[in-house]
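Analysis of the macromolecular model
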Amino acid sequence: MPSAVANFDVNNSGMNQHARVEVRHSTCPHDCPSACALDIDVIDGRSIGRVRGSKLQTYTAGVVCAKVARYAERIHHPKRLMHPLRRTGPKGSGQFARISWEEALDEIGDRFTEAEREYGAQSVWPYYYAGTMGLVMRDGINRLTHVKKYSRFYSTVCANVARVGFSIGTGRIAGVDPREMALSDLVVIWGTNPVNTQVNVMTHASRARKERGAKIAAVDIYNNDTMKQADIKIILRPGTDGAFACGVMHVLFRENFADRVYMDKYTDCPAELEAHLKTRTPEWASAICGVPVAEIEAFARAVGETRRTFFRLGYGFSRSRNGATQMHAASCIPAVTGAWQYEGGGAFFNNAALWRFDESIIEGHDAIDPTTRLLDQSKIGRILTGDEAAQLGGGPVKAMLIQNTNPVTIAPEQTLVRQGFAREDLFVAVHEQFLTETAEMADIVLPATMFMEHDDLYYGGGHQYISVGPKLIDPPGECRSNHEVLQALARRVGAAHPGFDMTPRELIDATLKLSGHGDIAGLETDIWRDLQPDFRTSHYLDGFAHADRKFHFKADWKHPTFGKLMGDVDNMPSLPDHWAVIEEADAAYPFRLATSPSRSFLNTTFNETPSSQAREGRASVMIHPLDAAALGIADGDAVTLGSVRGETSLIAKLFDGVRRGVLIAESVHPNSDHIGGRGINTLTGADTVAPIGGAAFHDNKVWIKKADAAALS
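Residues numbered from 1 in each chain as written. Predicted model: local features only at pLDDT ≥ 70, side-chain atom pairs only at ≥ 80, totals over all residues. Heavy atoms only, no water.

**Some thoughts on the overall build of the protein chain**
Within the protein chain, the secondary structure is distributed over 26 helices and 26 strands. Scaling as 2.2 N^0.38, a compact globule of 713 residues should have a C-alpha radius of gyration of about 27 Å, and the protein chain matches this with 25 Å. If one aligns the C-alpha atoms of the protein chain with their principal axes, the spans along those axes are about 70 × 60 × 60 Å. The burial tally for the protein chain puts 64% of its 713 residues in the buried class. Sequence-distant contacts in the protein chain: of pairs separated by 6 or more residues, those separated by 24 or more amount to 74%. Summed over its atoms, the accessible surface of the protein chain is roughly 24,700 Å², and 49% of this surface lies on carbon and sulfur atoms. Taken as two groups, the 76 positive and 85 negative side-chain charges of the protein chain have centres that lie 2 Å from each other. (Helix = DSSP H or I, 4+ residues; strand = E, 2+ residues; numbered from the N terminus. Rg over C-alpha atoms; globule rule 2.2 N^0.38 Å. Buried < 20%, exposed > 50% of the residue type's maximum accessible area, 1.4 Å probe, protein only. Contact = heavy atoms within 4.5 Å. Areas by Shrake-Rupley, 256 points an atom, 1.4 Å probe, with all protein chains shown as cover. Lys, Arg positive; Asp, Glu negative; His and termini not counted. Charge placed at Lys NZ, Arg CZ, Asp CG, Glu CD.)

Here it is in structure tokens:
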């Protein structure tokens, strides 16, 4: 792999020593669509220094977020877990004693075997998510699940809702080359705050503004850091994007901005859509979404007058109960204007259709038994507290292995989650990098590697590159990779599969070959391989990916392109509309709350780094000054928020960049950062989101009041 070597003097205990610094390439593994290409200073082969975005990869283009740029602060953190631990005190007490790896693995194996013997294999539930996006270290846990016939895992926390909403129109999850934002004359950033969550979107949008005089439009629910950089700012009430999109399309048809020639060739029912939108006027939309009529019309005209309009649609759509219909409505706009025809025009959400990874060996697809239950990730609180519907009739979960996630903080319905993890009859092993709040509830804690300490295979959700992320340094202490832990547990529970006998590099090589991507040596030579299709394919100029080759204004929600059908599918509107299934504010719960992502935390990753903690400060909630005044709340007051699911207390921030009646709590702070120790996800629900499941984190009705003495004690 190409590298650059430099030498410099470093001060070490007052002595100048000559350190060897090698610049190595890697890919950021975290749960972010940017999957940034990285140049990393490796010092004497043992530690890392500076981390920069690589200029060799054209999407990253030399830019990386501040939290990853400071990665040395995380990987060399003094509080990293270094040794296996066994709980010695009550669950959640943080009282542990050091044990050996053999003791830890033997105990996990024995407890899994005991649960299987007494309650059946499905009483064991391996649970994971996207703490790393590397295929080997993230998805290998499914191989253990499938071979042993443990309860399977159905992912619902993040992207399902937005993915199905986009693909229901296009026929697949892929769009315009995201680098074409730089060639656009109007970049519409909708349902994402890339300044906080995927900084490279801003790189290309800003380039369009600098080089072409392009405008940037931001559509979101508050005046966030992205909107502060935008030329056109649209602030919606949460969960009303579909109404806004319909009001915009009404204007496009009314004022002859609709490209009827394009629609006749490329879309399924333009006349039916136009007739449907006759009553979806800007006045109708404004009453729902809160955006003034004049702003709806001005936005529509800007889009209609600008052929090269690029819609960069984000994951925010996934956080509402009506999110799939909202994403679909937004994605219909460039089909109405025909923006897909032009370079720098069209839409992009995610490039999942490009990767084509065959993970059959990594995940053990040959061992899947479809009769084993498929438990919903978001319903972990209900499952662990004995909800029979959530358990799918399969009895209690008695043992868990958790990798790459922190459900005691990030999962919805936290009251139930914490009750479930407090069960004395539930055995939990957590494989982690830090003593998270989930690890504190564990019986056994295992120390995990970070991405520079193992080999893995990566893709970019927000772009079109795949890459190998090589091991750059040895892990500290006794840290082991996810794959090593799974290999060791497989031996102890009698799980035999070729994948357990392979190294990570062998798994990567086999996966690439099965997927038609060559081999590991070839991908490492490329460093980052560009899979972007040609212009015509990316812009669907030879037809969209449905059987009729049309973009579908009329969504067939009962036949999504992927996923398990669930939720209130029968009542989903087929044509773009506002689907009124969100938690509307009412007299008892007069505010709408969204828990939006922050700039310095990524879910709960980076919660432990001092620079991120300093920037984010205390857990807080934004409230409009007029709403605060009516409730006697001053800036900096302790306040309590309540929903039908529970209460949490935090600090009020007065902020006029939201609609009246809307509250914003940025980031997932540790529960312990909240007054009283109950985190923000105490308020969020795990209701099933149609059509294929999801978690509506930004869709909550709540009350707010000044915190009383009991909350502060």
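Let us keep going from here.
**Comments concerning helix α14 (residues 323-337)**
For α14, with 15 residues, the first-to-last C-alpha span of 23 Å sits near the 21 Å given by 1.5 Å per residue. Of all 15 residues making up α14, 15 are buried, and the element is well covered by its neighbours. Gly338 sits one or two positions beyond α14 and adopts a positive phi of about 75°. (Expected span 1.5 Å × (residues − 1).)

**As for the sheet that holds strand β6 (residues 96-98)**
The six strands lie next to each other as β6-β5-β17-β16-β15-β7, forming an open sheet whose pairing is mixed. A single partner strand is all that each edge strand has here, and the edge strands are β6 and β7 (124-128). Strand-to-strand twist in this sheet, taken as the mean axis angle between neighbours without regard to direction, amounts to 20°. As paired strands, strand β5 (residues 85-87) and strand β17 (residues 444-447) are joined by two bridges and run antiparallel to one another. Paired with Arg86 across the strands is Ile444, a residue of β17. Its contacts with the sheet put helix α5 (residues 141-148) on β7 and β15 (399-403), and the angle it makes with β7 is roughly 160°. (Pairing = 2+ DSSP bridges. Axes fitted to C-alpha atoms, helices over the stretch in contact; angles between N-to-C directions.)

**Observations regarding the pairing of strand β18 (residues 456-459)**
Neither face of β18 is open: one carries Asp456 and Tyr458, the other Leu457 and Tyr459, and all of them are buried. As paired elements, β18 and strand β19 (residues 465-469) share four bridges and run antiparallel to each other. Across the sheet, Tyr459 pairs through a bridge with Ile466, a residue of β19.

**Side note on the sheet that holds strand β20 (residues 528-530)**
Strands pair in a sheet through their backbones, by hydrogen bonds, and they do so in one of two ways: parallel or antiparallel. Strand order across the open sheet formed by three strands is β18-β19-β20, with antiparallel pairing between neighbours. Where the open sheet ends on each side, the last strands, each with one partner, are β18 and β20. When strand polarity is set aside, the average angle formed by the axes of neighbouring strands in this sheet is 20°. Examined bridge by bridge, β19 and β20 share three bridges and lie antiparallel to one another. Note that in β20 the partner of Ile466 across the bridge is Arg529.

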